[in-house]
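Listed below are the residues making up each chain.
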Amino acid sequence: MTTRYAFQIPWGLSVLAQGDAKASVRGLDSIPRDEWPDTRIVHWAFDLMVAAGFAMLILAAWAGWLWWRRRRLPDDRWLLRALVVAGPLGLIAIEAGWVVTEVGRQPWIIYGVMRTADAVTPMPGLVVPFVTFTTVYLFLSVILVYLLRRQFIETHPTSTRTR
Amino acid sequence: MAVEHTLGAVILAALVVYALSGGADYGGGMWDLLASGPRALRQRVAIEHAIAPIWEANHVWLILVIVILFTAFPRAFAVIMTALHIPMTAILLGIVLRGSTFVFRKYDAQDDTVHRRWSTLFGGASFFTPFVLGLCLGALASGEIRVVDGRLSSGFFAGWTRPFAVACGLFAQGLFAFLAATYLTVDTEHEPDLQEDFRKRALVAGVLLAPAAALTFVLARDGAPQIFAKLTSWWAPFLVAATSVCAIGALMTLWYRRFRWARAGAVGQVTLILVGWGLAQYPHIVVPDLTLSNTATVASTLDALQFALAVGAVVLLPAFGYLFYIFKRRST
């Protein structure tokens, strides 16, 4: 897989990886094929994380610029809409970053020492705990959202519901 | 004393503290489910007031036990978590459900049906989790979990499906229920009618502990032979005598309504039972193949852990004591 329309920065990777413009960075092509992670997932997750991060930075800059120009809390409708839409970006960026770390380290669980396949429990039927824990997490999330919404609705100043 | 033995003692101490604090949480949840009579709702409120400020801190002790286990005795941790994968997952689910239903109950609608729904889940999980905890400890003591050439050879159902482990599970439930009831008699000092309710419950639970203990003892002969053999050690009669003194003392002081003494007796009883189990199991972590010595990690890690625990204790213990002092002192 090659990155089309790549924007090349001279010595950029050496500086980023080793702090030295002349350092050589070992490429994935020098590592045996059976030790590669899934490069598509890692690449896209990384792009997602950086994009989310920069989106948040840009929003912060925009809000800051508006505050500086208008000397009041930004109430520009487009900014406010963007802030609402950008709400989940922090979580998305964190999760994408975790995907980069965890998928990128595969097939190792301890890099260079132990492979994930060697570390997993010999217990069969792991799909059962997997489904169980996923269901528990889903259940907790649904209840949490339900209760938070209920709390918000009951305390909203324009709410006419009494309790 | 070698470092690994010190760490083993710390694990046992943390388990004891867990039983005395988190165990009472479980017991409170059991009494919540069993709340009955004209004052059932007030019983539930009293239990909630008793548990709410401290329950999160209490379960930290179990985390401490597990962390010391995997840091200092990783081979034992690996074997235990593989052999007891199923009950450990069940414990996890039980603890998660307990904590979350307890909190949801407080923040959901306060009408009775909703409250009962969460309370039932909370109470059910409070019954279930100590039972499975007892199963796991019984499995470790049973001698049925075997390690051959460093790998688990006894499968995923060894030890915890046997009658001895079931007896341990029931015994754990009974101990926690008794403990919680005695604590609650002290917590409800300003509500004498509630105090009477919990006194009755504590008496019933305490009396039922005798056949439960006897059953566990009898089943240990075949179900945990190495542990049973230890009961002929020189210290065993003293331990049994001391435990009996605490148990009978707790029941008598409950009868005569000296509730703080009863609480002390219950605490002593639970502590001595767990210490007795620890001494009988020593030096094994998993009877009979894994001991403290042959599963201990490298010396540098053990030393670092010991140091960290010492520093942590200086921070944690006063804070823990202060937490209990604030929420449990006699209100003037």
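Every chain's residues receive numbers from 1 upward, in the order its sequence appears when written. Think of it this way: whatever chain is written first is A, whatever ligand is written first is 1, and the rest follow in order. Totals for whole chains, interfaces and linings use every residue, but because this is a predicted model, local features are given only for residues with pLDDT of at least 70 and side-chain atom pairs only at 80 or more, for both listing and counting.

### Examining the overall build of chain A
Note on conventions: DSSP H or I runs of at least 4 residues are helices, E runs of at least 2 residues are strands, and numbering of each starts at the N terminus. Helix and strand content of chain A: six helices and two strands. Along the chain direction, N to C, the helices and strands of chain A fall in the order α-α-α-α-β-β-α-α. Structurally, chain A occupies a C-alpha span of about 65 × 55 × 25 Å along its principal axes. Every C-beta atom is placed from the backbone, and the number of other C-beta atoms within 10 Å of a residue's own sets its class: buried at 20 or more, exposed at 12 or fewer, partly exposed in between. A burial count over chain A gives 2% of its 163 residues as buried. Any pair of residues counts as being in contact when their C-beta atoms, constructed from backbone geometry, are within 7 Å of one another. Taking as baseline every contact in chain A between residues at least 6 positions apart, the subset at least 24 positions apart corresponds to 50%.

### Quick notes on the domain arrangement of chain A
Once the domains are mapped, chain A shows domain 1 (33-120) and domain 2 (124-163). Domain start and end points were adopted from an automatic or database domain assignment. Computed from C-alpha coordinates alone, the two centres of domain 1 of chain A and domain 2 of chain A are separated by 25 Å.

### Some remarks on the packing of helix H7 (residues 112-142) of chain B against helix H8 (residues 163-187) of chain B
All names here are of chain B. Convention adopted: a line fitted to C-alpha atoms gives each axis, helices being fitted over their contacting stretch, and angles between N-to-C directions are expressed from 0 to 180 degrees. Running from N to C, H7 and H8 point in directions that differ by 135 degrees, and their axes come no closer than 7 Å. When the interaxial angle is binned, H7 and H8 end up oblique. The handedness of the crossing between H7 and H8 comes out as right-handed. Here Phe127, Pro130, Phe131, Val132, Leu133, Gly134, Leu135, Leu137, Gly138, Ala139 and Ser142 of H7 lie close against H8, whose contacting residues are Phe164, Ala165, Val166, Cys168, Gly169, Leu170, Phe171, Ala172, Gln173 and Phe176. Comment on the angle field: the value is read as roughly parallel under 35 degrees, roughly antiparallel over 145, roughly perpendicular from 65 to 115, and oblique elsewhere. Helix crossings get a hand from a simple test, with the near helix turned counterclockwise from the far one by less than a right angle marking a left-handed crossing and a clockwise turn marking a right-handed one.

### Concerning the interface of chain B and chain A
Listed per partner, the contact involves 10 residues of chain B and nine residues of chain A. Looking at the side of chain B that touches chain A, the element that brings in the most residues is helix H6 (residues 85-107) of chain B, giving seven residues. For this scheme, ten residues count as nonpolar: Ala, Val, Leu, Ile, Met, Phe, Trp, Tyr, Cys and Pro. Four count as charged, namely Asp, Glu, Lys and Arg, and the remainder, Gly too, count as polar. Within the side of chain B that touches chain A, the residues separate by chemical class into five nonpolar, four polar and one charged.

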